[in-house]
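# Descriptive structure summary
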Amino acid sequence: GLLLKRCTLLLPTRDRLKYVHKVLSGVSCFKLNGCASPLHCLGLQCYGVFLQILTAGWDELECHRVFNFLWELSNLARKVQTVVSSKPGSARRLELRIRLYCRGVLLSPGSRRSDSAFWLTRILKPWPMVNQARLLYIIFGPVSSRDGHVVWQKMIEGPTDETSLKGLADAIKLLYGTEAREWTADDVISLVDELSVVPQEWLMENNARLLLLSGNSICFTFLASKAVNGRAVELARLMVFMVLVCEKDLYCMDWAVKMMQKVCKVFSTPWERNNFLQCMENAFARMLMDMLQAVLAGERDEEDSSFLNLFHLMNAQANFHKEILYMAMGNSSSST
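Nothing here was measured: the structure is a model prediction, and the numbers come from that model. Along each chain, residue indices are assigned from 1 in the same order as the chain's sequence is written. Per-residue local features are limited, in this predicted model, to residues with pLDDT of at least 70; the limit for side-chain atom pairs, both in listing and counting, is 80 or more; totals at the level of whole chains, interfaces and linings are taken over all residues. No hydrogens and no water enter the side-chain calculation; it runs on all heavy atoms of the structure.

### Considerations on helix H12 (residues 204-214)
Formally: Think of it in three bands: with a 1.4 Å probe and only protein chains considered, a residue is buried below 20% of the maximum accessible area for its type, exposed above 50%, and partly exposed in between. Strands here mean DSSP runs of E at least two residues long; helices mean DSSP runs of H or I at least four residues long; both are numbered from the N terminus.
For H12, a buried count of 11 out of 11 residues is recorded, marking the element as mostly surrounded by other parts of the structure. Here H12 has its buried residues at Met204, Glu205, Asn206, Asn207, Ala208, Arg209, Leu210, Leu211, Leu212, Leu213 and Ser214. Of the residues flanking the end of H12, it is glycine 215, one or two places downstream, whose phi is positive at about 100°.

### Here we look at the UniProt feature "domain: FBXO47 ARM repeats region" (unreviewed entry) in the chain
This is how the line gets drawn: UniProt positions are given in the numbering used here, feature names are shortened, and annotations may be inferred rather than shown by experiment.
With numbering aligned to this structure, UniProt lists the feature "domain: FBXO47 ARM repeats region" (unreviewed entry) at residues 74-280. Along residues 74-280 the backbone is 69% helical and 0% strand, and the end-to-end C-alpha distance reaches 50 Å.

### A few points about the side chain of threonine 13
Note the following rule: Whenever two N or O atoms come within 3.5 Å, that pair is a polar contact, provided that in protein one can donate a hydrogen and the other can accept it, and provided that, for residues adjacent in sequence, both atoms are side-chain atoms. Should any heavy atoms of two residues lie within 4.5 Å, those residues are counted as being in contact.
Structurally, threonine 13 is set in helix H2 (residues 13-24). Of the polar contacts made by the side chain of threonine 13, one reaches the side chain of glutamate 62; its length is 3.4 Å. Other than its neighbours up to four places away in sequence, threonine 13 contacts Trp58, Glu62 and Arg65.

### A look at the nonpolar core
The test is simple: By nonpolar core is meant a set of buried Ala, Val, Leu, Ile, Met, Phe, Trp, Tyr and Cys residues that side-chain atoms within 4.5 Å join together.
Leu106, Leu168 and Phe276 are the most contacted members of the largest nonpolar core, which has 106 residues in total. No other element matches helix H14 (residues 232-248), which puts 11 residues into this core.

### A word on the layout of surface pockets
The condition is simple: The method works on a 1 Å grid over the protein atoms by themselves. A cavity is a set of points holding a 1.4 Å probe that cannot get out, a pocket is an open set with protein on both sides within 12 Å along at least five of seven lines, and residues with an atom within 4 Å of a point line them. Grid points are joined across faces, edges and corners, and a volume is the space filled by probe spheres set on the points.
A volume near 630 Å³ is recorded for the largest pocket. Of all the secondary-structure elements, those providing two or more residues to the lining of the largest pocket are helix H11 (185-195), H12, helix H13 (216-228), H14, helix H16 (270-296) and helix H17 (305-335). Here the second largest pocket is characterised by a volume of approximately 460 Å³. Contributing to the lining of the second largest pocket are 26 residues, with Cys63, Ser114, Asp115, Phe118 and Trp119 lying nearest its centre.

### Some remarks on helix H3 (residues 43-55)
As a reminder, the rule being used: The span expected for a helix works out to 1.5 Å for each residue beyond the first. Arc definition: it is the arc formed by the directions from the helix axis to the C-beta atoms.
Counted at 1.5 Å a residue, the expected span for H3 with its 13 residues is 18 Å, and the 18 Å between its end C-alpha atoms agrees. Those residues of H3 lying buried are Gly43, Leu44, Tyr47, Gly48, Phe50, Leu51, Leu54 and Thr55. For H3, the angular spread of the buried residues around the axis is 165°, confining them to a single face. Residues of H3 that are buried in the fold lie against helix H1 (2-7), H2, helix H4 (60-73) and helix H6 (92-106). Among the residues trailing H3, glycine 57 stands out with phi positive, at a value near 90°.

### Description of the pattern of salt bridges
Selection criterion: Salt-bridge detection follows one rule: a side-chain nitrogen of Lys or Arg within 4 Å of a carboxyl oxygen of Asp or Glu.
Per the counting criterion, the structure on display carries 17 salt bridges. Across the pair aspartate 187 and lysine 125 runs a salt bridge whose closest N-O atoms are separated by 3.8 Å. Here lysine 125 lies in the loop between helix H7 (113-124) and helix H8 (129-140) and aspartate 187 lies in helix H11, a separation of 62 residues in the sequence. Judged by relative accessible area, aspartate 187 falls into the partly exposed class, the value being 22%. The exposure class of lysine 125 is partly exposed, given its relative accessible area of 29%. Residue lysine 173 pairs with aspartate 170 through a salt bridge whose shortest N-O separation is 3.8 Å. In this pair, lysine 173 and aspartate 170 are both assigned in helix H10 (residues 162-176), 3 residues apart and thus about one turn of the helix distant. Shared partners join several salt bridges into a network, and the residues in it are Asp193, Lys226, Arg231 and Glu234.

### Side note on a nonpolar patch on the surface
Note the cut-off: The patches described consist of residues with a relative accessible area above 30% and no salt bridge, like charges being joined within 9 Å and nonpolar side chains (Val, Leu, Ile, Met, Phe, Trp, Tyr) within 5 Å. Computed with the Shrake-Rupley method and a 1.4 Å probe, the accessible areas treat only the protein chains shown as cover for residues.
Among the surface-exposed residues, Leu2, Val49 and Ile53 lie close enough to one another that they form a single nonpolar patch of about 230 Å² accessible area. Locating leucine 2 in the fold gives a position in helix H1. Residue classification places leucine 2 among the partly exposed residues on the basis of a relative accessible area of 46%.

### Focus: the packing of aromatic side chains
Which entries qualify depends on this criterion: Only Phe, Tyr and Trp rings take part, Trp by its six-membered ring, and two of them pair if their centres are within 6.5 Å. Stacked means planes under 30 degrees apart, edge-to-face means over 60, and tilted covers everything else. Criterion for a charge above a ring: Arg CZ or Lys NZ at most 6 Å from the ring centre, at most 35 degrees from the ring normal.
Considering all chains together, one arrives at 9 aromatic pairs under this definition. A cation sits over an aromatic face here: arginine 122 above phenylalanine 118, 5.1 Å from the ring centre. Across the ring face of phenylalanine 220, the terminal group of lysine 262 is positioned such that the distance to the ring centre comes to 4.4 Å.

### Comments concerning the environment of serine 86
Summarising the element assignment, serine 86 is placed in the loop between helix H5 (76-85) and H6. The exposure class assigned to serine 86 is partly exposed, which follows from its relative accessible area of 22%. A distance of 2.4 Å separates a polar atom in the side chain of serine 86 from the backbone oxygen of threonine 82.

Pasting the structure below:
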């Protein structure tokens, strides 16, 4: 990387890129479709590190040219258009190739946050929001440990774990951060909203877990937007699922209580706030009844998940209300 950076120093950016391409094009593993076994090859990762070294210190305009050159060279626009407009999973090999190329070359591990934000913005911004969400899932969503292909049904079929959501959460944090100057808070919230229906509506528990992993700021902004838009029932259900995730994943329950307090301050009238709190209690009661019904109906699997879910929700509700009582009694003690 340093050698080619110095050898091409006096050339215009496009000529430098053409020369570099000429040198590297003999290695098929550096191409999007070149390697026969991309999952077990370091070619794209090596190319990513090389590109990182080559472009270090280049200004944004030059980096735009680098992206456009690679975009045209690999014919990524047409390939991305194919996967975002096709039925999810119908072009599995192409989805995998795009994922590996974007993660290995453009979003090279070890890049600075500002660089990653720049490249991710270039990848996503040319597309409408619905396609951005699909593309984000292809690049950062869960994959099969067996063949590396994107698992599209993971968020729909049942509650998932932190590992499956971490990549998506990190990408959302990156776009919401100060490094991603071209994204507003509304853009990121819309993207998260759109992501939660890729390829169909996610289980609410998976939505809640993604928000928790995305950090306090995006989590509050997302919840507050629902409060401002009068979606109290949906907000209450999501809040209850966040309480459940806190219980399951061993987060401090006082975090959920403090988040609820912050959300309550968004409502402009006492009636709206009280209605939201009533909706939360109704959501707790309805979920408990639904889970109890599943247990009584004998809907069991190998892990006895229906009973386990009921157990977690009852503990979650108890611990959540315990934190509220602690807070209330603490306030009353201090006031007396």
